[in-house]
Protein chains: 2
Amino acid sequence: MMDSSLIDQLAEIVGQKNVLRAPEELLTYGYDATRDEGRPDCVVFPTTTEHVSAVMRLASEHTIPVCARGAASGLSGGSVPITGGISLAMTRMNHILEINTDDLFARVEPGVVVATLIDEVAKHGLLYPPDPSSMRTCTMGGAVAENAGGLRGLKYGVTKDYVIGLTAVAADGRVFHTGGVTMKNVSGYDMTKLLVGSEGTLAVITEITVKLIPAPEARRSLMAIFGDIRDAGRTVSEVIRSGLIPATLEIMDRITINAVEDAKGIGLPREADALLLFESDGDPAVVEKEAARIEEICRANGASEIRVAADDEERESIYTARRASLPSLARVKPTCILEDATVPRSKVLEMLNAVNEIAERHGLVIGTFGHAGDGNLHPTIICDERDAEEMERVERAIDEIFEAALRLGGTLSGEHGIGLAKRRYMERQFGPEGMAMMSRVKAALDPKNILNPGKIFEVTPCLTS
Amino acid sequence: MMDSSLIDQLAEIVGQKNVLRAPEELLTYGYDATRDEGRPDCVVFPTTTEHVSAVMRLASEHTIPVCARGAASGLSGGSVPITGGISLAMTRMNHILEINTDDLFARVEPGVVVATLIDEVAKHGLLYPPDPSSMRTCTMGGAVAENAGGLRGLKYGVTKDYVIGLTAVAADGRVFHTGGVTMKNVSGYDMTKLLVGSEGTLAVITEITVKLIPAPEARRSLMAIFGDIRDAGRTVSEVIRSGLIPATLEIMDRITINAVEDAKGIGLPREADALLLFESDGDPAVVEKEAARIEEICRANGASEIRVAADDEERESIYTARRASLPSLARVKPTCILEDATVPRSKVLEMLNAVNEIAERHGLVIGTFGHAGDGNLHPTIICDERDAEEMERVERAIDEIFEAALRLGGTLSGEHGIGLAKRRYMERQFGPEGMAMMSRVKAALDPKNILNPGKIFEVTPCLTS
């Protein structure tokens with residue numbers, strides 16, 4: 001429990017109006033979009049890098065945990081302050097500082113909402129590609145900290161592929177800069193990419209430079225409906241093997257389709273076993289050719305119907321269906337546990353089969369959707385956490401889902417991060433040696449373990465491990 | 001000086017035929033493609049990861065420096081063993097372990113020559129894009145350690161953008177794995193990208209997984225000739241601003257053109273002030289459109305002549321000209337010092353002007369060529385190191401070139417690395433705080449400072465800095 005005089009000192013740094021300390025105010029800062037919960041001793045809203053630096057100096061001096069937080073829409077517990085201390089809410093550092101149309105980059109504060117940046121650069125004919133489903137809520141800081149993906153990942157990559165420079169504050173309050181605004185840079189260690197995806201455990205990010213690309217001229221979306229999910233899986237593999245790189249290649253299974261239809265009523269085919277959503281973008285002629293080739297592959301692999309979006313409205317409705325997957329599944333039962341297992345793309349069908357087998361064996365309802373083109377699936381268990389017996393089966397199923405992903409050559413997380421949710425599986429993926437290397441980096445940059453302690457690592461990192 | 005019994009122990013690990021110890025044999029292992037030199041106590045050729053692990057255990061126990069080395073074609077001194085110890089030559093670990101055409105990745109040992117990988121994956125209709133000018137010599141391990149760029153960087157990025165997984169050996173001999181074979185991965189810290197570009201100072205890389213992409217269907221190369229280099233600089237900016245992304249956008253100035261023509265006699269226009277080389281690739285229709293648009297922009301900005309490569313042979317001759325830039329300049333005078341300053345793309349013209357002004361003021365001959373589309377220029381000073389007075393002017397010029405790059409928002413190195421050549425400029429770019437963060441990472445992963453000591457850092461890294 002933090003001494004109240006320390007909270008007074010924090011208020012002196014950022015101003016009274018930028019500190020919350022009443023218990024009823026703190027309550028809402030204990031959660032993200034997972035089931036995890038914590039309780040900060042106070043919430044601090046810095047508005048400058050200097051604020052963050054002064055907060056960290058104080059925290060370091062008194063060994064107070066600091067958990068940075070954006071919109072808290074994270075799906076792995078990254079922003080949940082499980083050890084108390086300071087919840088450092090970055091939402092008031094929310095300015096777009098520069099959109100450079102000559103050199104194609106933007107500089108933003110971490111509290112900028114991702115969709116706001118996407119919309120602003122679009123006005124200049126530019127694209128910031130990473131588009132997590134939560135993009136209308138989530139912040140750039142959170143997206144960088146968790147290395148968020150999105151629906152355009154297959155062609156355009158994830159957040160990490162766009163971050164080229166950072167300003168950050170070290171555990172001891174020192175302000176440092178990484179990378180820059182050039183497209184190529186190999187001056188020293190890539191501290192930029194080290195911080196992306198590090199979930200607030202190595203430094204607090206206070207400014208982000210991202211590269212931008214010219215917006216594609218044309219795009220076309222289509223939905224392919226399959227009576228058998230195995231046909232959909234084969235289609236994914238064949239599209240990739242054929243050398244096509246659509247911007248988007250998403251999958252939704254029968255349970256997800258029906259949950260979305262229940263919630264949104266937008267005319268999805270309830271009887272389908274799976275849907276694939278494709279978007280091609282780029283030069284108009286290429287888009288036409290690519291879409292035709294995709295349609296052909298879908299039909300050859302047993303798609304029963306193909307719907308092409310005739311205009312932006314229809315396209316939007318296809319995307320709404322996909323983005324509504326998680327919230328729609330979450331409505332079905334009181335508890336909804338979303339996983340993020342990622343496998344090599346040719347193993348998507350095997351992974352889908354494994355998930356179905358696990359669901360059946362444990363008598364659970366698991367809806368699966370995700371970025372099939374990346375091999376990044378989101379098996380989503382809908383259950384009721386008041387039912388202790390069911391939750392035991394859920395735990396076993398989660399365990400087996402990760403085992404299956406690793407067995408197929410995959411990884412624990414494609415885009416949601418490790419946070420609390422997956423830290424106990426880390427050693428299975430990386431072994432004690434891999435964990436030791438990460439642990440040494442953490443201990444070197446945050447020797448007092450005050451930056452988001454308890455995330456990524458189960459065991460407190462130390463240098464000699 | 002290493003005790004000869006230690007060299008005997010190394011021979012026991014890797015076999016007698018995989019160790020060199022005679023002074024005349026060691027001599028050639030003291031150089032790379034810079035002017036730096038060192039002298040190893042022995043050269044060890046491991047053929048397995050286990051060999052490397054056993055070598056590192058021994059080196060760690062006896063605090064012996066280990067400098068990993070590929071083809072030693074590096075341009076920043078990275079593989080020069082300046083502190084003696086073991087030169088760890090990775091050239092006998094030179095197998096392509098897997099080319100996966102379903103999931104589009106390849107696994108290779110570090111000694112594989114870059115062009116060999118490019119040629120092998122091309123047989124499967126795939127492309128490994130990073131193509132440093134030295135690709136017919138340099139190894140994958142060296143390219144990864146220095147994060148090599150290449151002529152296709154503008155559209156396709158550099159080595160780092162393709163490395164998705166590594167097997168590496170830590171300073172203490174522990175073998176660890178980073179990343180994996182999936183396209184998305186946010187499980188823990190990105191140790192993969194931390195090792196890429198770390199110049200052998202954090203671990204020894206023994207296996208590399210790179211992603212591959214479908215080879216473009218068509219390509220077209222053209223050469224635009226300018227009577228005034230300022231017109232060429234403006235053309236570069238306008239191409240980028242117009243939303244075009246050619247695969248290649250290279251520049252050669254008058255001095256470089258004439259040096260290449262002297263060496264190769266391939267009909268380059270000696271009277272030109274600058275050449276721009278473009279390559280568009282992708283869908284045939286798009287290539288045609290893009291090439292036409294580039295031609296239009298070149299003409300509008302004063303290009304006096306445009307030559308389009310009619311076939312692969314003509315294309316090859318254009319590329320030969322560009323790749324011959326450095327070796328041709330190196331023939332002009334006994335000493336040739338190549339820099340790697342990189343600026344935001346809109347600042348290419350300003351940087352060219354700055355370099356010319358510096359050359360004139362110091363009475364030096366500087367030929368400039370490079371990846372104009374990335375803002376990555378290679379000002380190349382041709383001089384004679386036996387002339388002490390000239391070399392003083394050279395040193396001042398180098399200093400001013402870096403100052404100019406940093407002043408224009410650039411970076412010390414776009415693709416050659418820091419090594420020995422640029423370490424004394426690092427603090428100017430990153431400040432003491434940025435250096436302290438890198439230094440802590442180094443000290444945490446290599447506490448005895450045995451992995452390529454003296455590279456990147458001027459001051460021996462320690463944890464408390």
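The structure displayed is predicted, hence computed values, not measured ones.

## Quick word on the overall build of chain A
Here's step 1: Each helix and strand counted, chain A has 15 helices and 18 strands in total.
Here's step 2: What you see for chain A is a C-alpha radius of gyration of 22 Å, in line with the 23 Å of a compact globule of 465 residues.
Here's step 3: The principal-axis extents of the C-alpha atoms in chain A amount to approximately 70 × 60 × 45 Å.
Here's step 4: Burial analysis of chain A (465 residues in total) assigns 63% to the buried set.

## With respect to the interface of chain A and chain B
Here's step 1: Contact residues are listed per partner, giving 79 residues for chain A and 79 residues for chain B.
Here's step 2: For the chain A and chain B pair, buried surface summed over both sides reaches about 6,400 Å², with 62% attributable to carbon and sulfur atoms.
Here's step 3: The largest share of the area that chain A buries against chain B comes from Lys-184, Val-186 and Tyr-189 of chain A, three residues that together contribute 15% of it.
Here's step 4: Counting across the chain A and chain B interface gives 12 salt bridges.
Here's step 5: Across the salt bridge formed by Lys-289 of chain B and Asp-283 of chain A, the nearest N and O atoms sit 2.5 Å from each other.
Here's step 6: Taken together, the connections running from chain A to chain B amount to 28 residue pairs in polar contact (both at pLDDT 80 or more).
Here's step 7: Only β9 (175–179), α7 (191–195), α8 (229–241), α10 (284–300) and α15 (426–445) of chain A provide two or more residues apiece to the side of chain A that touches chain B.

## Focus on the sheet that holds strand β18 (residues 376–383) of chain A
All names here are of chain A.
Here's step 1: Read across the open sheet, the 7 strands follow the order β15-β12-β14-β13-β17-β18-β16; overall the sheet is antiparallel. Each having just a single partner strand, β15 (303–308) and β16 (335–338) make up the two edges of the open sheet. The sheet shows a mean angle of 20° between the axes of neighbouring strands, direction not considered.
Here's step 2: Across 7 bridges, strand β17 (residues 365–371) lies against β18 in antiparallel orientation. Bridge assignment links Ile-366 to a residue of β18, and that residue is Ile-381.
Here's step 3: Each of β13 (248–253), β14 (274–282), β17 and β18 touches helix α9 (residues 254–264); the most contacted strand, β13, lies at about 85° to it.
Here's step 4: Contacting β16, β17 and β18, helix α14 (residues 388–407) runs over the sheet at an angle of about 170° to β18.

## Side note on the environment of Pro-453 of chain A
Residue and element names in this part refer to chain A.
Here's step 1: Looking at the secondary structure, you find Pro-453 in the segment after α15.
Here's step 2: For Pro-453, a relative accessible area of 9% puts it in the buried group.
Here's step 3: A sequence separation of 110 residues divides Pro-453 from Val-343, and the C-alpha atoms of the two residues are 29 Å apart.
Here's step 4: Not counting the four nearest positions on each side in its chain, Pro-453 is found in contact with Pro-65, Ile-82 and Thr-83.

## Digging into a negative patch on the surface
Here's step 1: Negative charge collects at one region of the surface, where Asp-311, Asp-312, Glu-313 and Glu-314 of chain A lie side by side.
Here's step 2: Tracing the backbone shows Glu-314 of chain A in helix α11 (residues 312–323).

## Quick notes on the sheet that holds strand β8 (residues 163–169) of chain B
Residues and elements named next belong to chain B.
Here's step 1: Read across the open sheet, the 5 strands follow the order β5-β6-β10-β8-β9; overall the sheet is antiparallel. Lying at the two open borders of the sheet, with one neighbouring strand each, are β5 (96–100) and β9 (175–179). Going across the sheet, the axis of each strand differs from the next one's by a mean of 10°, ignoring polarity.
Here's step 2: As defined by bridge partners, β5 adjoins strand β6 (residues 105–108) across 4 bridges and the pair is classed as antiparallel. Pairing of Glu-98 across the sheet is with Arg-107, part of β6.

Cut-off values and rules
Residues numbered from 1 in each chain as written. Chains lettered and ligands numbered in written order. Predicted model: local features only at pLDDT ≥ 70, side-chain atom pairs only at ≥ 80, totals over all residues. Heavy atoms only, no water. Helix = DSSP H or I, 4+ residues; strand = E, 2+ residues; numbered from the N terminus. Rg over C-alpha atoms; globule rule 2.2 N^0.38 Å. Buried < 20%, exposed > 50% of the residue type's maximum accessible area, 1.4 Å probe, protein only. Contact = heavy atoms within 4.5 Å. Buried area = accessible area lost by both parts, 1.4 Å probe. Salt bridge = Lys/Arg side-chain N within 4 Å of Asp/Glu carboxyl O. Polar contact = N/O pair within 3.5 Å; in protein donor to acceptor, adjacent residues only side chain to side chain. Pairing = 2+ DSSP bridges. Axes fitted to C-alpha atoms, helices over the stretch in contact; angles between N-to-C directions. Patch = residues over 30% accessible without salt bridge, like charges linked within 9 Å, V, L, I, M, F, W, Y side chains within 5 Å. Areas by Shrake-Rupley, 256 points an atom, 1.4 Å probe, with all protein chains shown as cover. Lys, Arg positive; Asp, Glu negative; His and termini not counted. Charge placed at Lys NZ, Arg CZ, Asp CG, Glu CD.

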